[in-house]
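Structural overview
Each chain, written out:
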Amino acid sequence: MSHKAGFVNIIGNPNVGKSTLMNAFVGERLSIITSKAQTTRHRILGIVNGEDFQVVLSDTPGIIKPAYELQTSMMDFVKSAFEDADVLIYMVEIGEKELKDEAFFNKIIHAKIPVLLLLNKIDKSSQEQLEEQVALWKEKVPNAEIYPISALKNFNVAEVFNRILELLPASPPYYPKDALTDKPERFFVNETIREKILLNYDKEIPYAVEIETEEFLEDDDIIRIKALIMVERDTQKGIIIGHKGAAIKKVGIQAREDLEKFFGKQIHLEMFVKVNKNWRSNSFQLRRFGYNQK
């Protein structure tokens, strides 16, 4: 029996459901999901293994026009998604009419690889609107196969995955067959804490935050974690901590619950807040946090 393997890269505007789709394919919450834009900052790989296939999925940040150094680095992750894809998934949602960057759009319509255009959130549309949207995208991206889906409700997700398997080239696996992702444990600790901050704080606060796991000590039945929450200003530090530490305590409880499910062990989580001025515009700091990989 021949083995198939390949890279399937998911791109699209912010908040169209890219992370929800990848998590549905993988069966694990590898990418954080919130209702806020720009939730995904890195390019995150999720690996789906079968007896005769390995699908390496890549969730990327939503496409935006960068306003500062961090966002430029995020868009570099998107650019790299074009370079190694065997199948490209371009994800849009009902009501959307364009990609926010014309250069990326040109790359999609001139792609030399199979393009699957997924029209997401169809559970929020009427049949008439759906037909209009399918016609619109057929005209805009004539080289794409169009699939209406609902990633959240799991509608048509299996059909898309089966089509991906048909399109994959014959290849040995790229990663060990028991691998779920290319990211280390600390990455998922950071992302879980960051997700809770996105959910619990408003305005600029979540976007000014970066998490660094300083300690990850694993025993047979418990993992002891020490994490640093970086903010850009003293006022943000006060908001993160909250009155008598109530806000950060809430984040800690929610993050610990999710991490215990993810790792299947008891978690002891300590978090500290530190001011790291203007880290989003500092090339050295961005490299330290895994951005600016050039």
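Owing to the predicted nature of the structure, the values given are computational and were not obtained by experimental measurement. (Residues numbered from 1 in each chain as written. Predicted model: local features only at pLDDT ≥ 70, side-chain atom pairs only at ≥ 80, totals over all residues. Heavy atoms only, no water.)

Helices and strands together make up the secondary structure of the protein chain, namely 9 helices and 9 strands. Considering the protein chain as a whole, with its 294 residues, one finds that 53% of them fall into the buried category. Considering only residue pairs separated by 6 or more positions, the protein chain has 72% of its internal contacts joining residues 24 or more positions apart. Total accessible area computed for the protein chain in this model is approximately 14000 Å², and 50% of it derives from carbon and sulfur atoms. (Helix = DSSP H or I, 4+ residues; strand = E, 2+ residues; numbered from the N terminus. Buried < 20%, exposed > 50% of the residue type's maximum accessible area, 1.4 Å probe, protein only. Contact = heavy atoms within 4.5 Å. Areas by Shrake-Rupley, 256 points an atom, 1.4 Å probe, with all protein chains shown as cover.)

Relative to the elements of secondary structure, D219 occurs in the loop between β7 (210-218) and β8 (222-231). Residues D219 and K265, 46 residues apart in the sequence, show an inter-C-alpha distance of 9.3 Å. In contact with D219, other than residues within four places in its own chain, are R224 and K265.

We now examine the packing of helix α6 (residues 185-200) against helix α8 (residues 246-263). Across the interface, α6 lies against α8 with an axial gap of 9 Å and an inter-helix angle of 140°. With respect to each other, α6 and α8 are oriented oblique. With respect to the hand of their crossing, α6 and α8 are arranged in right-handed fashion. Along its contact with α6, which presents E185, F188, V189, T192, I193, E195, K196, I197 and N200, the element α8 presents K250, V251, Q254, A255, D258, L259, F262 and F263. Here the residues of the contact of α6 with α8 sort into 9 nonpolar, 3 polar and 5 charged. (Axes fitted to C-alpha atoms, helices over the stretch in contact; angles between N-to-C directions. Parallel < 35°, antiparallel > 145°, perpendicular 65-115°, else oblique. Left-handed = near helix turned anticlockwise from the far one by under 90°. Nonpolar A, V, L, I, M, F, W, Y, C, P; charged D, E, K, R; others polar.)

Glancing now at the sheet that holds β7. With mixed pairing, 3 strands are arranged side by side in an open sheet as β7-β8-β9. In this open sheet, the two edge strands, each paired with only one partner strand, are β7 and β9 (266-275). For this sheet, the mean inter-axis angle between neighbouring strands, taken without regard to orientation, is 20°. Both β7 and β8 contribute to a ladder of 8 bridges, which runs antiparallel. (Pairing = 2+ DSSP bridges.)

With that settled, the discussion passes to the confidence of the model for the protein chain. Overall, the predicted model of the protein chain reaches an average pLDDT of 81, with 83% of residues at or above 70. When the elements of the protein chain are averaged for pLDDT, helix α2 (residues 69-83) gives the smallest value, 58, and strand β6 (residues 144-148) the largest, 95. (pLDDT = per-residue confidence, 0-100.)

Okay, the environment of E260 next. Locating E260 in the fold gives a position in helix α8. For E260 and I222, which are 38 residues apart along the polypeptide, the C-alpha to C-alpha distance reads 9.3 Å. Non-local contacts of E260, meaning those with residues more than four positions away in its chain, are made with K265, Q266 and I267.

Here we take up the pattern of salt bridges. Scanning all chains against the criterion turns up 9 salt bridges. Linking R194 and E191 is a salt bridge whose minimum nitrogen-to-oxygen distance equals 3.1 Å. Within this pair, R194 and its partner E191 are both found in helix α6, separated by 3 residues, close to a single helical turn. We note that R194, like E191, is buried. A salt bridge links E260 to R256, with the nearest nitrogen and oxygen atoms 3.8 Å apart. A residue pair is termed a helical-turn pair when its members lie 3 or 4 positions apart in one helix, as E260 and R256 do in helix α8 at 4 residues. Judged by its relative accessible area of 25%, E260 falls in the partly exposed class. Shared partners join several salt bridges into a network, and the residues in it are E145, R163 and E166. (Salt bridge = Lys/Arg side-chain N within 4 Å of Asp/Glu carboxyl O.)

Our focus in this paragraph is α6. Compared with the 22 Å implied by 1.5 Å per residue over 16 residues, the 23 Å span of α6 between its first and last C-alpha is a close match. Among all positions of α6, only F187, F188, V189, N190, E191, T192, I193, R194, E195, K196, I197 and L198 are buried. (Expected span 1.5 Å × (residues − 1).)

This part covers the nonpolar core. Of all hydrophobic cores here, the largest spans 25 residues; its most connected members are L21, F25, V55, I89, L118 and I164. For this core, the elements supplying multiple residues, two or more each, are β1 (4-12), α1 (18-26), β3 (53-59), β4 (87-93), β5 (115-120) and α5 (157-167). Here the element with the most residues in this core is α5; it accounts for 5 residues. In this structure I89 touches V8, N9, I10, I11, L21, F25, L116, L118 and I164, once residues within four positions along its chain are discounted. (Core = buried A, V, L, I, M, F, W, Y, C linked by side-chain atoms within 4.5 Å.)

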